[in-house]
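What follows is each chain in one-letter form.
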Amino acid sequence: MASAEGDMTRQGFTATQALEQMVASEDEGPEEDVSEEEDGEEYDPEHDDDAVAVDDEEAPDVGNAAADDDRPGDRRADGEIYLLFITPRVEAIVLEATNREGSRRQGDAWRGMDAVDLRAYTGLLILAGVYRSRGEAAASLWDAESGRPIFRATMTKMFYAYSSLLRFDDRETRPARRAVDKLAAVRELWDEWSARLPSLYNPGPDVTVDEQLVPFRGRCPFRQYVPSKPARYGIKAWVCCDARSSYAWKMQVYTGKTCDGPERNLGARVVFDLTKGLPRDHTVTCDNFFTSYELAQRLLADRGLALVGTVRKNKPELPPALLATKTRRVLSSAFAFTPIATLVSYLARRNRNVLLLSTLHADARLSDRADRKPALILDYNRNKGGVDNLDKVIGTYSCRRMTARWPLAVFHNILDVSSYNAFVIWRGVHPDWMPGKRNKRRVFLELLGKALVRPLIERRVTLPRTEASAAVVRAAREEALCGTPPDDVLDPDALGPRAPAPGAPAPDNRASKRKRCQMCPSKKDRKTHTVCGRCNKYICKDCSRAYCTACANWGFVRGGTI
């Protein structure tokens, strides 16, 4: 039997090695040194309680730093959790609109996009974020020398086509819908996806309401400028998330002013919308854009929710004694009480005070710290950063790509939030997974991305040109044959030749046609009838080796290199 010397054997890619390239958490080099703040999923500001100003931010802290390389036993489990958010209905909305646009622009040449293609496309976006390639040109990800094998093993030119053609609505009916809804281009997708968020997770006793800015500098009718955010320009979304895990429980896109002008009491309306359905006895933490005494009254009376937040100094309900600063000592606190609320004015520096309102606290208790901060302020600092932490952690491995279309920017944010929420649920279901590791979320996202691209790799008919990518495809095919019992799930004949049975005679490797050797340089122009029994490449005498039947069977069945 003949075997291609220049195939996997010559390069040293066995089936096991190729599979490791596809499912290992670190493809190249040592484990990435990711700080706890970058990869952390829980907000814990106990290490930095010195700041009390409205603009102060605390960094998240993951804790634990032991070393144990536990990995999930089922590589598809994380993908299944992710698909709880990107449901078949969400996929159907994207596929219908994308195929309509593809047929309109390419006509009969458009072969259609299905759920496997869409999942593979989103999987590659997630992997690009894991590898910190958000600002990298897409061509470099598919480069034969510097790119990663799994990208070429999944798809090549179709990635560019999908990025260009991806749509989320019918462009024919969009003008009529856009006249009354600025979010018309993604409205159906957004409503379907956002409705899933609160149904999959029960938040803890504390939730945070704040704004999120999705970076975008292209043309958009409701693009916002927020100088305090790192991106400054983008699409603003209101978010209600769990204060500890930063799970995005409810989200709402802000589409700017209406035809009637600026909306009055916008902050109160947003908090009331985002806390709808929240069980009683929860505490809502928000900043001074949202907080008002009227909102605190409504939340407590109508929904049984407590409110803790900073207050702007121009609110009419504030007593003058709380605003006075000139006659007070630094680090002193002044309290005011109503039947339902507590107000505190803390003088952090000379002539600069911080005002907070709470319907959770009913006393003037101070901490034992040197700065004598009130317990109300410490509770606010502990829970105020939930949304800021969400922005930070999804920004570390974001799948965002450069685009001039704002609907695509919104879609990228949907993928980022979905993958992070899936990670939070995974950690809740498997609390002992990878204990002490600092890069848990990176490993999870890499396994998620590879689980999404695997079905498309398994159904590929042809092999990629680069040896490393071809080895990834072969490994996926072999694993599919070994791990998928029913033949109707996966067609074995589409995956190439099977290994010969032990003791069976060696197959006839002489082809009916005579072609040029595919292993030799083209300038040699060597013609041959012999094909490799494994990959069906034409090989000449110099590029092949002869084996007995026993050794050939061992090479096929055991995946060894001879």
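Please refer to the structure higher up on the page.
In short, a report on the structure. (Residues numbered from 1 in each chain as written. Predicted model: local features only at pLDDT ≥ 70, side-chain atom pairs only at ≥ 80, totals over all residues. Heavy atoms only, no water.)

1. Here we look at the overall build of the protein
Helix and strand content of the protein: 20 helices and 13 strands. Looking at the protein alone, contacts between residues at least 24 apart form 64% of all its contacts between residues at least 6 apart. Put simply, the protein shows about 26700 Å² of open surface, and 49% of that area lies on carbon and sulfur atoms. (Helix = DSSP H or I, 4+ residues; strand = E, 2+ residues; numbered from the N terminus. Contact = heavy atoms within 4.5 Å. Areas by Shrake-Rupley, 256 points an atom, 1.4 Å probe, with all protein chains shown as cover.)

2. Digging into the nonpolar core
Considering soluble globular proteins, one finds that nonpolar side chains tend to be buried as a cluster. Ranked by internal contacts, the top residues of the largest apolar core, which has 117 residues, are Phe 151, Trp 193, Ile 235, Met 251 and Trp 406. The leading source of residues in this core is helix 17 (residues 406-429), at 14 residues. Apart from the residues within four sequence positions on either side, Trp 193 is in contact with Phe 85, Ile 86, Val 90, Met 251, Ile 414, Val 417 and Ser 418. (Core = buried A, V, L, I, M, F, W, Y, C linked by side-chain atoms within 4.5 Å. Buried < 20%, exposed > 50% of the residue type's maximum accessible area, 1.4 Å probe, protein only.)

3. Regarding the pattern of salt bridges
A full pass over the atoms with the stated rule returns 29 salt bridges. One salt bridge in this structure joins Glu 263 and Arg 269, with 2.9 Å as the shortest N-O distance. Close ionic contact of Asp 542 with Arg 526 constitutes a salt bridge, the shortest N to O distance being 2.7 Å. Remark: Arg 526 occurs in the loop between strand 11 (510-516) and strand 12 (527-530) and Asp 542 occurs in the loop between strand 12 and strand 13 (544-546); sequence separation between them is 16 residues. Salt bridges linked by common partners bring Glu 101, Arg 104, Arg 105, Arg 167 and Arg 171 together as one network. (Salt bridge = Lys/Arg side-chain N within 4 Å of Asp/Glu carboxyl O.)

4. A few points about unusual backbone geometry
Phi is positive for Arg 132, which is not a glycine, with a value near 55 degrees. On the secondary structure map, Arg 132 appears in the loop between helix 6 (115-130) and helix 7 (138-141).

5. So, the pairing of strand 10 (residues 352-358)
With six of seven residues buried, strand 10 is to be regarded as a mostly interior element. Sheet analysis places strand 7 (residues 306-310) next to strand 10, joined by three bridges and oriented antiparallel. Among the inter-strand pairings, Val 308 is bridged to a residue of strand 10, identified as Ser 358. Bridge count for strand 9 (residues 342-349) against strand 10 is seven bridges, and the pairing is antiparallel. Counterpart to Ser 345 in the pairing with strand 10 is Leu 355. Hairpin connection from strand 9 to strand 10: two residues lie between these consecutive antiparallel strands, with Asn 351 at a positive phi of about 60 degrees. (Pairing = 2+ DSSP bridges.)

6. Observations concerning the packing of aromatic side chains
Within this structure, the stated rule accounts for 23 aromatic pairs. When the centroid spacing of 6.3 Å and the interplanar angle of 50 degrees are considered together, the rings of Phe 85 and Tyr 247 count as tilted. Of this pair, Phe 85 sits in the loop between helix 4 (77-82) and helix 5 (88-106) while Tyr 247 is found in the loop between strand 4 (233-242) and strand 5 (248-253), placing the two residues 162 residues apart along the sequence. Accessibility expressed as a relative area gives 0% for Tyr 247, which makes it buried. Each ring, one from Tyr 225 and one from Tyr 233, has its centre 4.9 Å from the other, and the planes form 40 degrees; the classification is tilted. In this structure Tyr 225 comes out as partly exposed when scored by relative accessible area, which is 46%. The exposure class assigned to Tyr 233 is partly exposed, which follows from its relative accessible area of 25%. Counting every residue linked through ring pairs, the aromatic cluster contains Trp 110, Tyr 121, Tyr 131, Trp 142, Phe 151, Phe 159, Tyr 160 and Tyr 162. Directly above the aromatic system of Phe 272 lies the positively charged group of Arg 303, at a separation of 3.9 Å from the ring centroid. (Phe/Tyr/Trp six-rings, centres within 6.5 Å; stacked < 30°, edge-to-face > 60°. Lys NZ or Arg CZ within 6 Å of the ring centre and 35° of its normal.)

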